[in-house]
Amino acid sequence: MTLALIAGQGRLPGLIYENHPEPPVVAALEGAALDTLTPQISFTLETFGTLLKALADRGVKELCFVGAVTRPIFDPTKLDEATLPLVPKLAEGLSKGDDNALRAILRVCEDAGFRIRAAQELLPGLVVAEGVLGKVQPSEAHASEAARAEALHHAIGSAD
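Here's what I pulled together on the structure shown here. (Residues numbered from 1 in each chain as written. Predicted model: local features only at pLDDT ≥ 70, side-chain atom pairs only at ≥ 80, totals over all residues. Heavy atoms only, no water.)

Inspection of the secondary structure assignment puts D80 in the loop between β4 (60-66) and α3 (87-94). Of the side chains bearing the opposite charge, K53 lies closest to the buried D80, which forms no salt bridge; the N-O distance is 11 Å. Other than its neighbours up to four places away in sequence, D80 contacts E46, T47 and T50. (Helix = DSSP H or I, 4+ residues; strand = E, 2+ residues; numbered from the N terminus. Buried < 20%, exposed > 50% of the residue type's maximum accessible area, 1.4 Å probe, protein only. Lys, Arg positive; Asp, Glu negative; His and termini not counted. Salt bridge = Lys/Arg side-chain N within 4 Å of Asp/Glu carboxyl O. Contact = heavy atoms within 4.5 Å.)

Laid out in structure tokens, this is it:
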């Protein structure tokens, strides 16, 4: 299945590219300076619909969003015809913080028929196993503090 990397900065996009069985298509936000890859396709948020069509035309079935990006400024005067129908789906997410913006973009991609792949799916061993990584085991007090921290994390995340 053909994969496209929607690539940002950092080493991770290059690692996935180098370790994938067939070379993925590389797409990046226009003007983004990638660290290790050269994009084959550049796009803007205003041309996102055209990007999806171009990827489908190349036989891409899977997308992996990987690497650091700076949130682009959205200019509605630059919308292209293929992106215009996506605006209602994207607008709500873009107005509610980075996490919701990315979720909206992922939903649009899935609705267009693409399968979203996580970096850790494509690069086994990327994420450490769950559990204690050292010899010292946490006490009950530590477990209680960790549970409180997790609750705070979720509260802060939902406010993003």
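The rolling of a water-molecule-sized probe over the atoms marks out the regions of remaining empty space. What the largest pocket holds in volume is close to 450 Å³. Along the walls of the largest pocket sit 21 residues, with L29, V69, P72, L102 and I105 positioned nearest its centre. The set of elements that each furnish at least two residues to the lining of the largest pocket consists of β1 (2-7), β4 and α4 (98-111). Among the residues making up the lining of the largest pocket, the classes are represented as 15 nonpolar, 3 polar and 3 charged. Considered as a void within the structure, the second largest pocket measures approximately 210 Å³ in volume. The wall of the second largest pocket is formed by 16 residues, among which L29, E30, G31, A32 and T70 lie closest to the centre. Considering only residue class, the lining of the second largest pocket consists of 9 nonpolar, 5 polar and 2 charged. (1 Å grid on protein atoms, 1.4 Å probe; cavity = no way out; pocket = protein on both sides within 12 Å on 5 of 7 lines; lining within 4 Å. Points joined across faces, edges and corners; volume = space filled by probe spheres on them. Nonpolar A, V, L, I, M, F, W, Y, C, P; charged D, E, K, R; others polar.)

Fair warning: the whole summary comes from geometry, so function is off the table for now.
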